[in-house]
Amino acid sequence: MRWLRNWRRASILKRSTLDEDLWRAVLDRYPFTRVLSGEERDRLRERVVLFLHEKSIVGAGGLALRDEMRICIAVQACMPILNLDLDYYRGWIEVIVYPDEFVAEYEYMDEHGVVHQVEEPMSGESWLTGPVILSWADTQLRGDEHGYNVVIHEFAHKLDMLNGDANGFPPLHASMDRGEWSRVFGAAYERFNERVKQGEPTGIDPYAGENPAEFFAVMSEAFFEVPDTVLAGYADVYRQLAAFYRQDPAARAAAR
Ligand SMILES: [Zn+2]
């Protein structure tokens, strides 16, 4: 049914009414889209049009979403899949956007078998086969020196969850070595936590040390926002991410 899907997508692209001025204004906003080649911009535009068509981006908690806000979210969400396929975001539909941090309620059982109810303010959340949830205010905080980007972060979790619970191990391409990925990420994660413990600067959001899933998501944000920092401090992680995303953002930025 691939031909049917491709035919459907082609007709969606043909009928696209994405506002050209709005599109340019949004691209201008992000350093990682400003350095795209013409061909890459065209590809990103296609991804964004299809993303907006196939996903439902809805406001919650009183947030009225404008087209421009939807495009901002779609552009950032589609950067990681620029050279992959929209099917990498298969199996779920909704992106829910709150005006600000939202409260997630969940239960967990501790080692004594006691169940705890937790309420925690969140800037973003990704559910396995469920929605991506974002705080709009936090999407505006992107681009600090650590390369913070909550949209890319949550969508990296979605890629990680293509093969089950988020664990920092997304489905790799056939050309990639699974053992190598584990070795590189495992060693970098240990090293990172050691540095955090010693109070050494890491260049990366310390939240990456939370667990291997967060390490992958935070490194992915940084890979797109501050690729030079990742390349300089975590070259082997950078190379794995470049192979997975099929992009080399540091080289792209240098070429411009
Ligand atoms: Zn996370």
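The rules behind these values
- Residues numbered from 1 in each chain as written.
- Predicted model: local features only at pLDDT ≥ 70, side-chain atom pairs only at ≥ 80, totals over all residues.
- Heavy atoms only, no water.
- Buried < 20%, exposed > 50% of the residue type's maximum accessible area, 1.4 Å probe, protein only.
- Helix = DSSP H or I, 4+ residues; strand = E, 2+ residues; numbered from the N terminus.
- Polar contact = N/O pair within 3.5 Å; in protein donor to acceptor, adjacent residues only side chain to side chain.
- Core = buried A, V, L, I, M, F, W, Y, C linked by side-chain atoms within 4.5 Å.
- Contact = heavy atoms within 4.5 Å.
- Salt bridge = Lys/Arg side-chain N within 4 Å of Asp/Glu carboxyl O.
- Donors = N, O, S within 2.8 Å, 3.2 Å for Na, K, Ca; no water.
- Tetrahedral: all angles 85-135°; square planar, octahedral: opposite > 155°, others 65-115°.
- Disulfide = S-S within 2.5 Å.

### Let's talk about helix α7 (residues 150-160)
Thinking step 1. In terms of burial, α7 is largely enclosed, as 11 of its 11 residues are buried.
Thinking step 2. Those residues of α7 that sit buried are V150, V151, I152, H153, E154, F155, A156, H157, K158, L159 and D160.
Thinking step 3. Of the residues that open α7, the one with a side-chain oxygen 3.0 Å from the backbone nitrogen of V151 is N149.

### Re the nonpolar core
Thinking step 1. Of all hydrophobic cores here, the largest spans 73 residues; its most connected members are L44 and F51.
Thinking step 2. In this structure L44 touches W23, L27, T33, L36, V75, C78, M79 and L82, once residues within four positions along its chain are discounted.
Thinking step 3. Membership of the second largest hydrophobic core comes to 6 residues, among which are I96, F102, A104 and I133.

### Re the pattern of salt bridges
Here the idea is simple: oppositely charged side chains can pair when their charged atoms come close.
Thinking step 1. Considering all chains together, one arrives at 14 salt bridges under this definition.
Thinking step 2. Residues E20 and R24 are paired through a salt bridge, measuring 3.9 Å at the closest nitrogen-oxygen approach. Of this pair, E20 and R24 both sit in helix α2 (residues 20-29), 4 residues apart, roughly one helical turn.
Thinking step 3. Judged by relative accessible area, which is 33%, E20 ranks as partly exposed.
Thinking step 4. Taken together, the salt bridges that share partners define one network made up of R5, R9, E54, D85 and D87.

### What to know about the coordination of the zinc ion
Thinking step 1. Here the zinc ion is held by the protein donor atoms H153 (NE2), H157 (NE2), E214 (OE) and E214 (OE), which lie 2.1 to 2.7 Å from it.
Thinking step 2. Each of the 4 donor atoms bound to the zinc ion contributes to angles spanning 53 to 141°, and the resulting shape is irregular.
Thinking step 3. Here the donor residues of the zinc ion are spaced in sequence according to H-x3-H-x56-E. Here H157 and H153 lie together in helix α7, a separation of 4 residues that amounts to about one turn.
Thinking step 4. Judged by its relative accessible area of 6%, H153 falls in the buried class.

### With respect to the state of the cysteines
Note: disulfide means a covalent bond formed between the sulfur atoms of two cysteine side chains.
Thinking step 1. Applying the stated criterion across every chain yields a total of 0 disulfides.
Thinking step 2. Here C72 stays unpaired: no disulfide links it, and the sulfur of C78, its closest cysteine neighbor, is 13 Å away.
Thinking step 3. Residue class for C78 comes out buried when judged on its relative accessible area of 0%.

### Quick word on the environment of I96
Thinking step 1. Relative to the elements of secondary structure, I96 occurs in strand β2 (residues 94-98).
Thinking step 2. For I96, a relative accessible area of 16% corresponds to the buried category.
Thinking step 3. Through-space distance from the C-alpha of I96 to that of G62 is 12 Å; in sequence the pair is 34 residues apart.
Thinking step 4. Setting aside its immediate chain neighbours within four residues, I96 contacts V58, A60, P131, V132, I133 and L134.

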